[in-house]
Amino acid sequence: MVETKQGGTGRSETRANLVEVAARLLREQGPAAVTTRGVAQAAGVQAPTIYRLFGDKDGLLDAVAEHVFAAYVAGKALADDSDDPVADLRAGWDVHIGFGLANAALFGLLVAPGRASRSPATSAGLEVLRARVRRVAATGRLRVAEHRAVELVHAAGTGAVLTLLAMPPQERDPGLADAMYDMVTRSILTRPAGPEPAAEPAPASTGDSTTAAAVAFRTVVPRLPKLTDIERALLSEWLDRAVES
């Protein structure tokens, strides 16, 4: 076995190849197949190369998770938004659930405590979710603060995937994730104007409508003309306090 050169471009190519090989082994054969020796043999390099490039097997697995999730997030970010922000939020939920179930071995790595704080891909994924929630807020359909809605959707999506993955595939309830989404949207969305569609949130109270208006106004504060940065910050703080009260 001949080890690829480790300087410059050769080092980057070797690293990328090892990540691709490990990702394939993880996807096709599960975590047990991702050993230092197994990945090195499949990639055509010597095992010490992995330690030089990643530190250890855990470092390699972190790189694999980052690589796969970054590709997934990039696809989400490039997806065209429709003229219905609520529908786009639901579409993003469905894609997230599908990704988690299709990448069972990786999902545990992606949601491990503390990983989000050091994962650029995870941070980028949350930014995509925040942008979608902000579009919903701008339409006056959000009855809670944006950050609260993001936290609820993120937590519910992660929990739904982990719950389904804990079940044998033949016993998974395909309606569980749908039911979870409906529960979350009933707590964060107001009902749209007009006849009530099936599975829409419960009718909004006067307080919900007032909160939704404040949340919607909060989305345009950074773009208001003829205000100083201090005035915009103060107005944003007032609106945040009104919403969270």
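Residues numbered from 1 in each chain as written. Predicted model: local features only at pLDDT ≥ 70, side-chain atom pairs only at ≥ 80, totals over all residues. Heavy atoms only, no water.

1. Here's the deal with the overall build of the protein
Logical step 1: When its secondary structure is counted, the protein shows eleven helices and zero strands.
Logical step 2: Overall, the protein shows an N-to-C arrangement of helices and strands of α-α-α-α-α-α-α-α-α-α-α.
Logical step 3: Per-residue burial over the protein gives 40% buried out of 245 residues.
Logical step 4: Intrachain contacts of the protein at a sequence separation of at least 6 include 65% that bridge at least 24 residues.
Logical step 5: A total accessible area of about 13200 Å² is found for the protein, and carbon and sulfur atoms account for 58% of it. (Helix = DSSP H or I, 4+ residues; strand = E, 2+ residues; numbered from the N terminus. Buried < 20%, exposed > 50% of the residue type's maximum accessible area, 1.4 Å probe, protein only. Contact = heavy atoms within 4.5 Å. Areas by Shrake-Rupley, 256 points an atom, 1.4 Å probe, with all protein chains shown as cover.)

2. Focus: the packing of helix α8 (residues 146-165) against helix α9 (residues 176-188)
Logical step 1: The contact between α8 and α9 brings their axes to 10 Å, and the two run at 165 degrees. Of the possible angle classes, the one that applies to α8 and α9 is roughly antiparallel. The crossing of α8 and α9 is right-handed. On α9, the residues touching A149, L152, V153, A156, A160, T163 and L164 of α8 are L176, A177, M180, V184, S187 and I188.
Logical step 2: Of the residues assigned to the contact of α8 with α9, the class counts are eleven nonpolar, two polar and no charged. (Axes fitted to C-alpha atoms, helices over the stretch in contact; angles between N-to-C directions. Parallel < 35°, antiparallel > 145°, perpendicular 65-115°, else oblique. Left-handed = near helix turned anticlockwise from the far one by under 90°. Nonpolar A, V, L, I, M, F, W, Y, C, P; charged D, E, K, R; others polar.)

3. As for the pattern of salt bridges
Logical step 1: A complete count under the given rule lists eight salt bridges for this structure.
Logical step 2: Residue R24 pairs with E28 through a salt bridge whose shortest N-O separation is 3.9 Å. With R24 and E28 both in helix α1 (residues 8-29) and four residues apart, the pair spans about one turn of that helix.
Logical step 3: One salt-bridge network, in which partners are shared between bridges, spans R90, D94 and D178. (Salt bridge = Lys/Arg side-chain N within 4 Å of Asp/Glu carboxyl O.)

4. Focus: the environment of P48
Logical step 1: Structurally, P48 can be placed in helix α3 (residues 48-54).
Logical step 2: Judged by relative accessible area, P48 falls into the partly exposed class, the value being 41%.
Logical step 3: Separated by eleven residues in the primary sequence, P48 and R37 place their C-alpha atoms 9.2 Å from one another.

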